[in-house]
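An overview of the molecular structure
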Amino acid sequence: MITAIVFVHADVAQIPEVAEKIAGLDGVTEVYSVTGEIDLIAMVRVRDHEAVATVVADHLNKIPGVVETLTHIAFRAYSRHDLEAAFALGPQA
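Residues numbered from 1 in each chain as written. Predicted model: local features only at pLDDT ≥ 70, side-chain atom pairs only at ≥ 80, totals over all residues. Heavy atoms only, no water.

Here's the deal with the overall build of the protein
Along the backbone of the protein there are 3 helices and 4 strands. Ordering the α and β elements of the protein from the N terminus gives β-α-β-β-α-β-α. Every one of the 93 residues in the protein was classed for burial, and the buried ones make up 29%. By sequence separation, contacts in the protein at least 24 residues apart represent 65% of the contacts at least 6 residues apart. (Helix = DSSP H or I, 4+ residues; strand = E, 2+ residues; numbered from the N terminus. Buried < 20%, exposed > 50% of the residue type's maximum accessible area, 1.4 Å probe, protein only. Contact = heavy atoms within 4.5 Å.)

Observations regarding the environment of Ile22
Relative to the helices and strands, Ile22 is located in helix H1 (residues 15-23). Distance from Ile22 to Ile63, taken between C-alpha atoms, is 7.7 Å for residues 41 residues apart in sequence. Ignoring sequence-local partners within four residues, the contact set of Ile22 consists of Val8, Val28, Val31, Leu40, Ala42, Leu60, Ile63 and Val66.

Regarding H1
Turning to H1, its buried residues number three or more, namely Ile15, Val18, Ala19 and Ile22. Seen from one end, H1 has its buried residues packed into an arc of 100°, which puts them on one side. Summarising the contacts, the buried residues of H1 are in contact with strand E1 (2-10), strand E2 (28-33), strand E3 (40-46) and strand E4 (66-73). (Arc of directions from axis to C-beta.)

What to know about the side chain of Thr3
In this fold, Thr3 is placed in strand E1. The residues touching Thr3, leaving out its near neighbours within four places in the chain, are Met43, Val44, Arg45, His72, Ile73 and Ala74.

Focus on the sheet that holds E3
With respect to topology, 4 strands assemble into an open sheet ordered E2-E3-E1-E4, the strand pairing being antiparallel. Edge strands, defined here as strands with exactly one partner in the open sheet, are E2 and E4. For this sheet, the mean angle separating the axes of adjacent strands, direction not counted, is 20°. Of the pairings in the sheet, the one linking E1 to E3 comprises 7 bridges and is antiparallel in character. (Pairing = 2+ DSSP bridges. Axes fitted to C-alpha atoms, helices over the stretch in contact; angles between N-to-C directions.)

Focus: the pattern of salt bridges
Evaluated as defined, the whole model comprises 1 salt bridge. As a salt-bridge pair, Glu30 and Arg45 come within 2.6 Å of each other at their nearest N and O atoms. One end of the pair, Glu30, is in strand E2; the other, Arg45, is in strand E3, with 15 residues separating them in the sequence. On the accessibility criterion, Glu30 (26% relative accessible area) is partly exposed. Judged by relative accessible area, Arg45 falls into the partly exposed class, the value being 32%. (Salt bridge = Lys/Arg side-chain N within 4 Å of Asp/Glu carboxyl O.)

Points about the pairing of E1
Bridge analysis of E1 against E4 gives 7 bridges, and the strand direction is antiparallel. Its bridge partner lying in E4, Phe7 is registered against Leu70.

Shape descriptors only; they carry no functional weight alone.
Here it is as structure tokens:
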């Protein structure tokens, strides 16, 4: 499983509509409206790098109102939930 974090600059007048269209794409699991230099963050979770290209380059970037994207590929995932589950197992003999 490949996780890509996509930073999206959108036309300010269209942010809610752009977010909804991005959220409707296959492979997109979440879309966040955020403060700061970018407008939206989309989480893409797909089987392989080719699928990342399909979601981002072939679909997301072509949504009207998307001005620019910057895609980051995750190497590893760390979450509080995963760490708590690991420690809950206790020491292994």
